[in-house]
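Chains, contacts and geometry: an overview
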Amino acid sequence: MDRIAVFSDTWAMVADESCTDAKYQIRKVKTRDYMLFHHNMDMEDLNISNPMIDIISIISNGSLFFDIAMLDEDTALIYVDNCFYWLKKVSDKIDSYYANGQKNSQNKIEKPEAKDNLLRTGVLIGLRSTVPSTNEEDIFNERASYRTFWISSYNKNIQSSLEAPDLFIPRRSGFWTLTVKTRKYNDFLQDNIVLEPLVPRGAGIINKIDEQLIKGNIKKDILFVSDDYVAIEYSWTMGSVAERNYRVLPLDDANSLSGILVSDIAREDMRDIFYTSAQAHLVSHGIKIDEELKGIVSVSEDNFTLERRNGNWTLKGRLDLGDRYEEFPIGLSPVGKLVNYDELHVPWDSVKERVPMALDAYTSPNKDLLIVVTGNFLMIYTIENGELSEKPIKKIDIKKGESVVMVEWATGDYVARWEKSFNQLNPYIINQ
């Protein structure tokens, strides 16, 4: 196609799309598993024979620009707009592609820093609310309902505010929808998490039901979603027996019965952080137990979740003490492992001073917008030199008890791409 992709240590460009402040993450994966999980296809369909490949993720301001699959030193594969493109290496030198006359006018490339100064920001906000169960057989009186807002701005002026049902997730492999569907299994009602690509890539539900089917009524409430993980509260009842546990699961295996462990995301020298955090909580609250925590069957290292506290994501564990549950903070940041971007560019105290009823707040990577969550509204403020605008530029009603489970930011060229994909859901226009 005679189009160029350029990768420098600070910026990257693929054909007409570019990003600044580029950071690169590399991971080695099994080719067959990667193609099946992310693209629902066999590696042979692309004539790939390498059993292992390197995936290089290009991250800009907390958002994924592109994933590059390196097949060998001179050949790569990239997924763009629902199809694959092959890249062949042509040079180690970057600047040579900006010399006068190097490319004809149709393919003339401008360095990212030469673009206009238009400030573009977009955000996907996933929300969970509780609604009465409509099934008379349901032992749970309530189930969860989800929706996603898309809000975009140009130079701090709101351009679009749209709403669609369920959760709409930007991932490395494209855009996906996530729903929770309740099915009847024997005499029980059980929630099943369904993850499907926006553009179908084959028949069937991507997130298969766990093969270890268990008896009992199951309710799954989503507490957090990122491009790779989902955190849920897993409620199970059968007869007079009931359990409520947290789980953090890979998004591609969201119906598994076993979650990831805190030690999976901790450094080697922090392997015992779950237990030390739990012990510290018990001691500080004067709670005594007769056994060592690690020896108690009901204390599980995968019983944790993410929650918001003073404008940031934190980790929280849960202990089953028999007659009650105890929840405790885990002294480990999820940023970099479970969360790509989580910076609050305005101090929490300043947010509370401007909006005393604020429950939570999020700021954009462009440092131009701040979203404040209250019990009744989402309020969007502009930021100028670290200070909030006197009044919100947008105010959106939310339901009583509705909570945020996902915030994913887009900047620059991403904004138009994300909005184009979101519009495929035929969203409603938010008029407030």
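Fair warning: this is a prediction, and the values are worked out from it, not measured in the lab.

What follows is about empty space enclosed by the protein. Taken as a whole, this structure holds three cavities of 30 Å³ or more when the rule is applied. Each pocket or cavity is described by its volume, and for the largest cavity that value is around 220 Å³. Forming the boundary of the largest cavity are 23 residues, of which Val-339, Tyr-341, Val-407, Glu-408 and Trp-409 lie nearest the centre. For the lining of the largest cavity, the element with the highest residue contribution is strand β26 (residues 403-411), accounting for four residues. Of the residues contributing to the lining of the largest cavity, the split by class is eleven nonpolar, seven polar and five charged.

As a further point, take unusual backbone geometry. A positive phi is found at Asp-21, a non-glycine position, where the angle reads about 50°. Along the polypeptide, Asp-21 turns up in the loop between β3 (17-20) and β4 (22-30). Residue classification places Asp-21 among the partly exposed positions, given a relative accessible area of 36%. In this model, Asp-166 sits at a positive phi of 70°, which is unusual for a non-glycine residue. Position of Asp-166 relative to the elements: it lies in the loop between β11 (157-165) and β12 (167-171). What makes Asp-166 partly exposed here is its relative accessible area of 29%.

This part takes up the pairing of β26. For β26, a buried count of eight out of nine residues is recorded, marking the element as mostly surrounded by other parts of the structure. With eight bridges joining them, strand β9 (residues 120-132) and β26 adopt antiparallel strand pairing. Considered in β26, the bridge of Gly-122 is made with Ala-410.

Counting through the fold element by element, Cys-19 comes out in strand β3. In sequence terms Cys-19 and Phe-66 are 47 residues apart; their C-alpha atoms lie 9.9 Å from each other.

Moving on, we come to the side chain of Arg-318. Residue placement: Arg-318 occurs in strand β19 (residues 312-320). A relative accessible area of 2% means that Arg-318 is categorised as buried. From its side chain, Arg-318 meets the backbone oxygen of Arg-244 in a polar contact 3.1 Å long. Leave out the neighbours within four places in its chain, and Arg-318 touches Glu-233, Arg-244, Asn-245, Tyr-246, Phe-274, Asn-303, Tyr-325, Glu-326, Glu-327 and Phe-328.

A word on the pattern of salt bridges. Taken as a whole, this structure holds 22 salt bridges when the rule is applied. For Asp-252, the salt bridge identified is with Arg-171, shortest N-O distance 3.1 Å. Taken as a pair, Asp-252 in the loop between β17 (241-250) and α2 (262-265) and Arg-171 in strand β12 lie far apart in primary sequence, 81 residues in all. Both residues of the pair, Asp-252 and Arg-171, belong to the buried class. Salt-bridge contacts for Glu-307 lead to Lys-316; the nearest nitrogen and oxygen are separated by 3.2 Å.

Moving on to the confidence of the model for the chain. Here the chain averages 85 in pLDDT, and 87% of its residues register 70 or above. Per-element mean pLDDT across the chain ranges from 78 in helix α1 (residues 31-39) up to 97 in strand β22 (residues 369-373). Segment residues 99-109 is flagged for pLDDT under 50; beyond a separation of four residues in sequence, or across chains, it makes ten contacts in the model. Counted against residues more than four places away or in other chains, residues 202-206, with its pLDDT under 50, gives seven contacts.

Another point: the sheet that holds strand β6 (residues 63-72). Spatially, five strands are ordered β4-β5-β6-β7-β8 in an open sheet, and the strand pairing comes out antiparallel. Each end of this open sheet is capped by a strand with a single partner; those strands are β4 and β8 (83-88). When the angles between neighbouring strand axes are averaged without regard to direction, this sheet yields 30°. Pairing between β4 and strand β5 (residues 52-60): nine bridges, direction antiparallel. In the strand pairing of β5, Val-29 is matched with Ile-53.

The next point concerns the packing of aromatic side chains. What characterises a pair of aromatic rings is the spacing of the ring centres plus the angle enclosed by the ring planes. A complete count under the given rule lists ten aromatic pairs for this structure. Consider the rings of Phe-168 and Phe-422, whose centres lie 5.3 Å apart with planes at 80°: the pair is edge-to-face. A residue pair is termed long-range when its members are at least 10 positions apart, and Phe-168 in strand β12 and Phe-422 in helix α5 (residues 414-422) qualify at 254 residues. Relative accessible area serves as the criterion here: at 1%, Phe-168 is assigned to the buried category. Between Phe-274 and Phe-328, the aromatic rings sit 5.3 Å apart at their centres with planes inclined by 70°, giving edge-to-face as the arrangement.

What counts, and where the lines are drawn
Residues numbered from 1 in each chain as written. Predicted model: local features only at pLDDT ≥ 70, side-chain atom pairs only at ≥ 80, totals over all residues. Heavy atoms only, no water. 1 Å grid on protein atoms, 1.4 Å probe; cavity = no way out; pocket = protein on both sides within 12 Å on 5 of 7 lines; lining within 4 Å. Points joined across faces, edges and corners; volume = space filled by probe spheres on them. Helix = DSSP H or I, 4+ residues; strand = E, 2+ residues; numbered from the N terminus. Nonpolar A, V, L, I, M, F, W, Y, C, P; charged D, E, K, R; others polar. Buried < 20%, exposed > 50% of the residue type's maximum accessible area, 1.4 Å probe, protein only. Pairing = 2+ DSSP bridges. Polar contact = N/O pair within 3.5 Å; in protein donor to acceptor, adjacent residues only side chain to side chain. Contact = heavy atoms within 4.5 Å. Salt bridge = Lys/Arg side-chain N within 4 Å of Asp/Glu carboxyl O. pLDDT = per-residue confidence, 0-100. Axes fitted to C-alpha atoms, helices over the stretch in contact; angles between N-to-C directions. Phe/Tyr/Trp six-rings, centres within 6.5 Å; stacked < 30°, edge-to-face > 60°.

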